[in-house]
Amino acid sequence: MGLWNCQSAVNKADFIPAFASHSTLNILGLTETWIRPEDSATPTALSNNFSFSHTPRQSGRGGGTGLLISNIFKYSTLSSLCNNYSFEYHAITLTTPIKIHIVVIYRPPGQLGSFVEELDVLLSSFPEDGTPLVVFGDFNIHLEKPHATDFISLLASFDLKQLITSARTTPSNPWLSEVLRDHRTKLKATERKWRKSKDTTDLNVNQSGFKKGHSTETALLSVTEALRIAKAASKSSVLILLDLSAAFDTVNHQILLSTLSSLGITGTPLHWFESYLTGTPLHWFESYLTGTPLHWFESYLTGRSFRVAWSGEVSKAHQLTTGVPQGSVLGPLLFSIYTTSLGPIIQAHGFSYHCYADDTQLYLSFQPDDPTVAARISSCLADISAWMKEHHLQLHLAKTELLVLPANPSLQHDFTIQLDSTLITPSRSVRNLGVTFDEHLTCTDHITKTARSCS
């Protein structure tokens with residue numbers, strides 16, 4: 001058995017059952033769970049290989065008591081044993097395979113007040129039928145102080161024997177080993193150095209996805225403003241929208257690791273990512289206990305599999321050896337890093353670009369009489385296609401859209417691009433990140449379609 005002032009089970013819902021399992025605890029009393037009455041997710045998470053019985057916190061700060069109970073036991077909850085104001089408690093009775101009354105108590109720091117009297121009422125409410133009583137107490141009482149005399153006498157009157165352990169505060173991040181703390185310190189120092197220098201070359205400034213303060217709106221505004229400025233300077237422009245197929249699912253792990261290395265992520269941090277992508281799964285709590293940060297990311301991608309369901313039949317599971325999960329925290333960031341080397345390929349042909357996740361907008365402004373534009377478009381798309389193949393990404397040329405924006409309405413540009421066996425012809429309007437662009441940037445088509453959808 002054990003007792004833990006966890007100071008928010010909400011933030012440690014995975015850690016607490018793992019700790020109990022590793023410590024071979026059948027019963028773990030918890031105080032200051034900070035679980036609210038409407039919170040059902042945390043108790044569910046705490047019930048991983050255990051049962052969790054609890055009383056939510058009574059106010060907006062601190063509080064909350066509960067018991068993590070091994071599934072080998074059956075129990076019943078004891079409620080309304082007494083009316084108390086000086087402490088919180090939660091009580092159960094184990095019924096199988098043995099019968100024991102268990103109560104976990106939390107008294108906030110401060111004056112004792114009516115605590116001893118109310119505790120007397122609570123302990124007296126248990127029947128004197130020979131059933132053992134176990135009290136988990138987070139009493140916040142210094143037993144060597146004079147005011148503890150009544151409390152000690154009360155415990156003795158119920159023939160309760162004290163098992164006192166030295167208090168230990170829970171670290172803010174108990175899963176961090178010393179090695180991890182050291183690397184985290186270095187990481188934060190590097191981040192502060194970057195923020196101070198504002199060296200934007202470390203990040204892709206043309207990516208609006210997965211970045212604070214950025215969205216599809218910033219991606220659209222960046223491109224639209226550039227096209228309007230070109231038009232005001234009597235230049236024509238072309239806008240090309242690339243179409244990628246299952247981009248996140250085809251990321252090659254070895255190429256990604258090489259890209260991380262080229263960005264200066266080496267040594268232990270690189271090994272973290274390597275394990276994160278390709279290692280052998282290991283229970284994360286064992287990793288924490290053995291102080292091996294290398295294993296932290298092992299199970300993120302490894303062991304992922306897929307099945308195909310068709311007409312009521314389900315195929316065997318097949319392992320996934322590529323890709324990053326799009327809905328994860330690290331997945332989108334890793335994809336953005338994976339595609340950083342595409343930017344110089346585009347810019348080498350004089351094109352500008354802006355991305356939102358895997359949606360890429362290319363644009364080029366030029367003098368209306370420039371005869372090289374069609375060739376530059378073909379050359380740029382050919383190099384992009386080659387880069388995509390080298391990086392195991394699939395570019396759908398047939399779905400790639402081309403919009404020509406003339407310097408003035410009287411101009412006509414005939415840019416028909418032949419690339420391999422695909423013919424790319426200009427469209428009068430294209431849908432870009434949910435907004436319809438027309439060749440004159442009037443938004444007429446977008447307004448018309450939006451109005452029609454509302455009618």
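In what follows, the structure referred to is the one given above.
Criteria and thresholds
Every chain is numbered on its own, with residues counted from 1 as its sequence reads. Owing to the predicted nature of the model, reporting of local features is limited to residues with pLDDT of at least 70; listing and counting of side-chain atom pairs is limited to 80 or more, with chain, interface and lining totals taken over all residues. Where side-chain values are given, they derive from all heavy atoms of the structure, hydrogens and water being excluded. Helical segments are the DSSP runs of H or I of at least four residues, strand segments are the runs of E of at least two, and each set is numbered from the N terminus. We get accessible surface area from the Shrake-Rupley algorithm with a probe of 1.4 Å; when it comes to residues, only the shown protein chains can shield them. Think of a 1 Å grid over just the protein atoms. A cavity is a set of points where a 1.4 Å probe fits yet cannot get out, a pocket is an open set with protein on both sides within 12 Å along at least five of seven lines, and lining residues have an atom within 4 Å of a point. Grid points are joined across faces, edges and corners, and a volume is the space filled by probe spheres set on the points. Here the term charged refers only to Asp, Glu, Lys and Arg, the term nonpolar to Ala, Val, Leu, Ile, Met, Phe, Trp, Tyr, Cys and Pro, and the term polar to all other amino acids, Gly among them. Throughout this description, buried means an accessible area under 20% of the type-specific maximum (1.4 Å probe, protein chains only), exposed means over 50%, and partly exposed covers the range between. Pairs of N or O atoms within 3.5 Å make up the polar contacts considered here, provided that, within protein, one atom can donate a hydrogen while the other can accept it, and that residues adjacent in sequence are counted only when both atoms are side-chain atoms. We call two residues in contact whenever any of their non-hydrogen atoms come within 4.5 Å of each other. Definition of nonpolar core: a set of buried residues of the types Ala, Val, Leu, Ile, Met, Phe, Trp, Tyr and Cys, connected through side-chain atoms within 4.5 Å. Patches here are clusters of residues that have more than 30% relative accessible area and form no salt bridge, with a 9 Å joining cutoff for like charges and a 5 Å cutoff for nonpolar side chains (Val, Leu, Ile, Met, Phe, Trp, Tyr). Every case where a carboxyl oxygen of Asp or Glu lies within 4 Å of a side-chain nitrogen of Lys or Arg is listed as a salt bridge.

Caption draft 1: Quick look at the overall build of the protein. The helix and strand inventory of the protein stands at 13 helices and 23 strands. If you sum the accessible surface of the protein, you get close to 25100 Å²; carbon and sulfur atoms cover 53% of it.

Caption draft 2: Representation of empty space enclosed by the protein. Scanning the model with the defined rule gives two cavities of 30 Å³ or more in all. Of the voids in this model, the largest cavity is the one considered here, and its volume is about 80 Å³. Looking at the largest cavity, the residues that line it are N204, L244, F335, T339, L342, G343, Y353, C355, A357, D358, T360 and M388. Of all the elements in the fold, those that place two or more residues in the lining of the largest cavity are α11 (342–347) and β15 (352–356). A breakdown of the residues in the lining of the largest cavity according to their chemical character gives seven nonpolar, four polar and one charged. One number sums up the size of the second largest cavity: a volume of about 50 Å³.

Caption draft 3: A look at the side chain of S53. One can find S53 in strand β3 (residues 50–55). Given the relative accessible area of 6%, S53 is considered buried. A polar contact is formed between the side chain of S53 and the side chain of T77, at a distance of 3.4 Å. Ignoring anything within four residues of it in the chain, the contact list for S53 reads G66, L67, I69, Y75, T77, H90 and I92.

Caption draft 4: Molecular detail of helix α10 (residues 330–338). With respect to burial, α10 is a largely interior element, eight of its nine residues being buried. The set of residues buried in α10 consists of L330, G331, P332, L334, F335, S336, I337 and Y338.

Caption draft 5: Seen up close, the nonpolar core. Ranked by size, the top nonpolar core spans 41 residues in total, and within it V238, F351, L362 and I384 carry the most contacts. If one sorts the elements of this core by residue count, helix α12 (residues 373–390) sits on top with seven residues. With sequence-adjacent residues up to four places away left out, I384 is seen in contact with L242, L342, I345, I346, L362 and L395. Y89, L123, F126 and L155 belong to the second largest nonpolar core, which has 20 residues in total.

Caption draft 6: Spatial organisation of a nonpolar patch on the surface. Together, F306, V308, W310 and L320 line one region of the surface with nonpolar side chains, adding up to about 420 Å² of accessible area. Along the chain, F306 falls in strand β11 (residues 305–306). F306 sits in the partly exposed class, given a relative accessible area of 38%.

Caption draft 7: Just the pattern of salt bridges, in detail. If you walk through the whole model with that rule in mind, you get two salt bridges. Ionic pairing is found between D370 and R376, a salt bridge with its closest N-O pair at 3.7 Å. Judged by relative accessible area, which is 27%, R376 ranks as partly exposed. A salt bridge links E439 to R428; its shortest N-O distance comes to 3.7 Å. Residue E439 is located in the loop between β23 (435–438) and α13 (444–454), and its partner R428 is located in the loop between β21 (426–427) and β22 (429–432); the two are separated by 11 residues in the primary sequence. A relative accessible area of 22% means that E439 is categorised as partly exposed.

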